[in-house]
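# Per-entry structural report
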Amino acid sequence: MRTEIFEEIPVISVAGEIDHFTAKPIEERIMELTAGGEKYLILNFQEVSYLDSAGVALIILAIQKVNPVGGSVALVSENRNVLKILEIAGITQLTQNFAIFSSLDDALSAIRERKD
Amino acid sequence: MTQVPEITIEIPSDGSQLSRVRTAVESFASDHGFDETQIYHIKVAVSEAVANAIEHGSPRGSANRVHIRLKDDGNKLVIDVTDEGRFRARLPTFQPGAGYRGRGLFLMSALMDEVDIRETDEGTTLRLIKKREAAGLEEWADIF
């Protein structure tokens, strides 16, 4: 996992598998960033090959944290297995303060637009 | 390719073992002819069941063990995840703020054909069943 800031937008990039064990440090990072006042967050899961309900919980956590301050969360993934899990969990139906993008550039553009 | 009809994996009740379990599940399901999408679904369901066993079915923490048995039962794959705890304590909660806690069980039900829970004095077994897909069109063409 690495965190980078693109034009004041924090991007958490994760590679590999997100399960109930590996989710912990990602959860801590989301908590740190949102506690530090970040309104916008990009979860770059482009390199994530596996995700289960632990990953779903992370996304919901991020949305819950930015929601009260009117922020938003952008998720990046093109992996159809990952997207299928999000669909079953009902995440893909969330439209307020959350959207899924197929590239980091698209996610950054969308967040920039929201910020302006 | 040699097909072993049944394997059992025993792990200490520790989250660091989840990845290892998924690797074994993938290998077994692949050897037994399940496709990539089915294998992903089986991996998620088993991983959720094992994570559940670790979190709620292990009163002595990592001193407890979790047993995962994979069995090819002809037209279906049967997976038993057995822990050393009671199931009642881990039913999903739907309180506000804890809305995602039940999703593990929910995903298992959505991804597998059957999910069954059996509780005994020794522990709890969660049985997951994935059926093979019905014969494809090509196979029907061969039959008729």
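As shown above, the structure is provided for reference.
Residues numbered from 1 in each chain as written. Chains lettered and ligands numbered in written order. Predicted model: local features only at pLDDT ≥ 70, side-chain atom pairs only at ≥ 80, totals over all residues. Heavy atoms only, no water.

### Some remarks on the overall build of chain A
Secondary structure assignment for chain A yields 4 helices and 5 strands. For chain A, the succession of helices and strands along the chain, N to C, is β-β-α-β-α-β-α-β-α. Classification of the 116 residues of chain A by burial places 47% in the buried group. When the accessible surface of chain A is totalled, it reaches about 5,400 Å², and 47% of it is carbon and sulfur. (Helix = DSSP H or I, 4+ residues; strand = E, 2+ residues; numbered from the N terminus. Buried < 20%, exposed > 50% of the residue type's maximum accessible area, 1.4 Å probe, protein only. Areas by Shrake-Rupley, 256 points an atom, 1.4 Å probe, with all protein chains shown as cover.)

### Topic: the sheet that holds strand β2 (residues 65-72) of chain B
Residues and elements named next belong to chain B. The 5 strands lie next to each other as β1-β2-β3-β5-β4, forming an open sheet whose pairing is antiparallel. Each edge of the sheet is formed by a strand with only one pairing partner; in this case those strands are β1 (6-12) and β4 (114-119). When strand polarity is set aside, the average angle formed by the axes of neighbouring strands in this sheet is 15°. Looking at chain direction, β1 and β2 are connected through 7 bridges and run antiparallel. (Pairing = 2+ DSSP bridges. Axes fitted to C-alpha atoms, helices over the stretch in contact; angles between N-to-C directions.)

### Some thoughts on the sheet that holds strand β2 (residues 9-18) of chain A
All names here are of chain A. Reading across from one edge, β1-β2-β3-β4-β5 is the order of the 5 strands in this open sheet, with mixed pairing throughout. Strands with a single pairing partner mark the edges of an open sheet, and in this sheet they are β1 (2-6) and β5 (98-101). Each strand of the sheet is rotated relative to its neighbour by a mean of 25°, with strand direction disregarded. Sheet topology places strand β3 (residues 40-51) next to strand β4 (residues 72-76); 5 bridges connect them, and they run parallel. Bridged to Leu43 within β4 is Leu75.

### Some thoughts on the environment of Ile59 of chain A
Residues and elements named next belong to chain A. In this fold, Ile59 is placed in helix α2 (residues 53-66). Linking Ile59 and Val73, residues 14 residues apart in sequence, is a C-alpha distance of 8.2 Å. With near-sequence residues (within four places) excluded, Ile59 lies in contact with Leu43, Phe45, Leu75, Leu86, Ile91 and Phe98. (Contact = heavy atoms within 4.5 Å.)

### Side note on a negative patch on the surface
Negative charge collects at one region of the surface, where Asp35, Asp113, Glu114 and Glu133 of chain B lie side by side. By the secondary structure assignment, Glu114 of chain B is in strand β4. (Patch = residues over 30% accessible without salt bridge, like charges linked within 9 Å, V, L, I, M, F, W, Y side chains within 5 Å. Salt bridge = Lys/Arg side-chain N within 4 Å of Asp/Glu carboxyl O. Lys, Arg positive; Asp, Glu negative; His and termini not counted. Charge placed at Lys NZ, Arg CZ, Asp CG, Glu CD.)

### Here we look at the pattern of salt bridges
All names here are of chain B. Enumeration over the complete set of coordinates arrives at 16 salt bridges over all chains. Of the charged contacts in the structure, one is a salt bridge between Arg69 and Asp80, with a shortest N-O distance of 3.3 Å. Remark: Asp80 occurs in strand β3 (residues 76-82) and Arg69 occurs in strand β2; sequence separation between them is 11 residues. In this structure Asp80 comes out as buried when scored by relative accessible area, which is 9%. A single network of salt bridges, built from pairs that share partners, joins Glu6, Arg69, Asp80 and Arg127.

### Description of the packing of aromatic side chains
For the structure on display, the rule yields 1 aromatic pair over all chains. Cation over ring: Arg22 of chain B sits above Tyr50 of chain A, and NZ or CZ is 4.0 Å from the ring centre. (Phe/Tyr/Trp six-rings, centres within 6.5 Å; stacked < 30°, edge-to-face > 60°. Lys NZ or Arg CZ within 6 Å of the ring centre and 35° of its normal.)

So far we have only geometry, and geometry alone does not tell us how the molecule works.
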